[in-house]
Amino acid sequence: MLHGKHVLLIIAGGIAAFKALDLIRRLRERGVKVTPVMTRAAHEFVTPLSVSALAGRAVFSDLFDLTAEAEMGHIELSRAADLVVVAPATADLMAKMATGQADDLASTLLMATDKRVLIAPAMNVRMWQHPATVRNLAVLHGDGILSVGPDDGTMACGEFGPGRMSEVPDIIAAIAAAFGHGPLAGRHVLVTSGPTHEPIDPVRYIANRSSGAQGTALARALLDLGARVTFVTGPAAVPPPQGADVIRVQTAREMLSAVQGALPADAAVFAAAVADWHVTGASDQKIKKTGDGMPTLTFAENPDILATVSRMTTGRPALVVGFAAETQDVIAHATAKRQRKGCDWIVANDVSPATGIMGGAENAVTIITDDGTEEWPRAPKQAVARDLAAKIAGALG
Ligand code: CTP
């Protein structure tokens, strides 16, 4: 499906530049024409000779190369391709892109292009988490630039965390999705995520420890496969995925009405950690200490959003997926929960504190379906998300 496409591949200077060689090879195997551009720093990591040998074309590196300029001007070069891919995208190049600098060939092409741009960031974990990079990525997403990864993992520098460039198959999947060819192209998937906050008074609320990381990673993975994603989120610790239609809510009751308003959908995934109860008659004013003893809170049950959607008689999504966060007898409770709520799949996980899963970077899930149970090995939440998104794409056919 990528056959005949033309990708302008910008290779910036980072350790992950070696993966660009494999990316070129895999793209060419799929009939993609690759025009390579290297920054000066990239020359320190891979040789232009290897890059041009694999691409089957000369490498462009210099903004003021008169021979290259005579053959194809840099403006033309920036527009000849169908898609611009930056892999690896270093912190430095992302900063240049975010601020609109154009002081070398790569940054000038990125400013001059009229094509979509996909970046595959790769850098040290501290650099990835630095507020400047977080800010720059938000600016780039706001400018409509697509991104894939980075992954969690051990890095060449010996540290562990997010920052490792996505693996080549994931970059190719993102390229396919950028061309509107993902397996979920034309599909609408609804995802709930994060905790809910149930007010006690204007300054206090009842909440839970969900960070929203798993729901966000899942929404991103679904977007990467080409889906249109509506992302209904409570007040989460992690920012929502770019490219999704984001609906922010506070309470379970608001989440239910946002979900109902966002339907119809081909699939709905309920990753939110919804509060089971809300405080009845939450106070309009801050509750004060009066000296007459403790205030008494009374509770009422929240609507069960997953069960409500699962039991819809008309307009029910073809696939409804729930999560089951348990601290004991995980499979038994999750299996019962699937029956009780009427959803198609349950993604069960053990959230007892010793696992470090709730609010952590990894997840270990068991998928319960009509066909039985599938236990998946513990993995970064992004990896679990990718596998789950692929399974959803498979089920929707
Ligand atoms: N869920 C929901 N609405 C609720 C409660 C839960 O949509 N009011 C969804 C969650 O998003 C999740 C699934 O139901 O997909 C299971 O959530 P969980 O908190 O594990 O289950 P509960 O229904 O709260 O069951 P229990 O408290 O008995 O474990």
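Now for a description of the structure that goes with this document.

Conventions and cut-offs
- Residues numbered from 1 in each chain as written.
- Predicted model: local features only at pLDDT ≥ 70, side-chain atom pairs only at ≥ 80, totals over all residues.
- Heavy atoms only, no water.
- 1 Å grid on protein atoms, 1.4 Å probe; cavity = no way out; pocket = protein on both sides within 12 Å on 5 of 7 lines; lining within 4 Å.
- Points joined across faces, edges and corners; volume = space filled by probe spheres on them.
- Helix = DSSP H or I, 4+ residues; strand = E, 2+ residues; numbered from the N terminus.
- Nonpolar A, V, L, I, M, F, W, Y, C, P; charged D, E, K, R; others polar.
- Salt bridge = Lys/Arg side-chain N within 4 Å of Asp/Glu carboxyl O.
- Buried < 20%, exposed > 50% of the residue type's maximum accessible area, 1.4 Å probe, protein only.
- Pairing = 2+ DSSP bridges.

A word on the layout of surface pockets
- Taken as a whole, the second largest pocket spans an internal volume of roughly 1,100 Å³.
- Together, 42 residues line the second largest pocket, and Ala272, Ala273, Val274, Asp276 and Ala325 are the ones closest to its centre.
- When residues of the lining of the second largest pocket are traced back to their parent elements, those giving at least two are β8 (188-193), α10 (213-224), β15 (299-301), α12 (305-310), β16 (319-326) and α13 (330-341).
- Class assignment for the residues of the lining of the second largest pocket results in 21 nonpolar, 13 polar and eight charged.

Observations concerning the pattern of salt bridges
- Under the counting rule described, the total for this entry stands at 18 salt bridges.
- Note that Asp22 and Arg26 form a salt bridge whose closest N and O atoms lie 3.3 Å from each other. Of this pair, Asp22 and Arg26 both sit in helix α1 (residues 17-29), four residues apart, which is roughly one turn of that helix.
- The class for Arg26 is partly exposed, based on a relative accessible area of 28%.
- A salt bridge links Lys341 to Asp304; the shortest N-O distance between them is 2.7 Å. Residue Lys341 is located in helix α13, and its partner Asp304 is located in the loop between β15 and α12; the two are separated by 37 residues in the primary sequence.
- Lys341 gets classed as buried once you look at its relative accessible area, which sits at 16%.
- According to the relative accessible area criterion, Asp304 is partly exposed, its value standing at 32%.
- If you follow the salt bridges from partner to partner, you end up with Asp22, Arg25, Arg26 and Glu29 in one network.

Here's the deal with the pairing of strand β3 (residues 83-89)
- Most of β3 sits inside the fold, with seven of its seven residues counted as buried.
- Across the two faces of β3 the burial is the same, with Leu83, Val85, Ala87 and Ala89 and Val84, Val86 and Pro88 all buried.
- Here strand β1 (residues 6-11) pairs with β3 via four bridges, running parallel. Residue pairing for β3: Leu8 is matched across the bridge by Val84.
- One ladder, built from five bridges, connects β3 with strand β4 (residues 116-121); its direction is parallel. Its bridge partner being in β4, Leu83 is matched across the sheet by Arg116.

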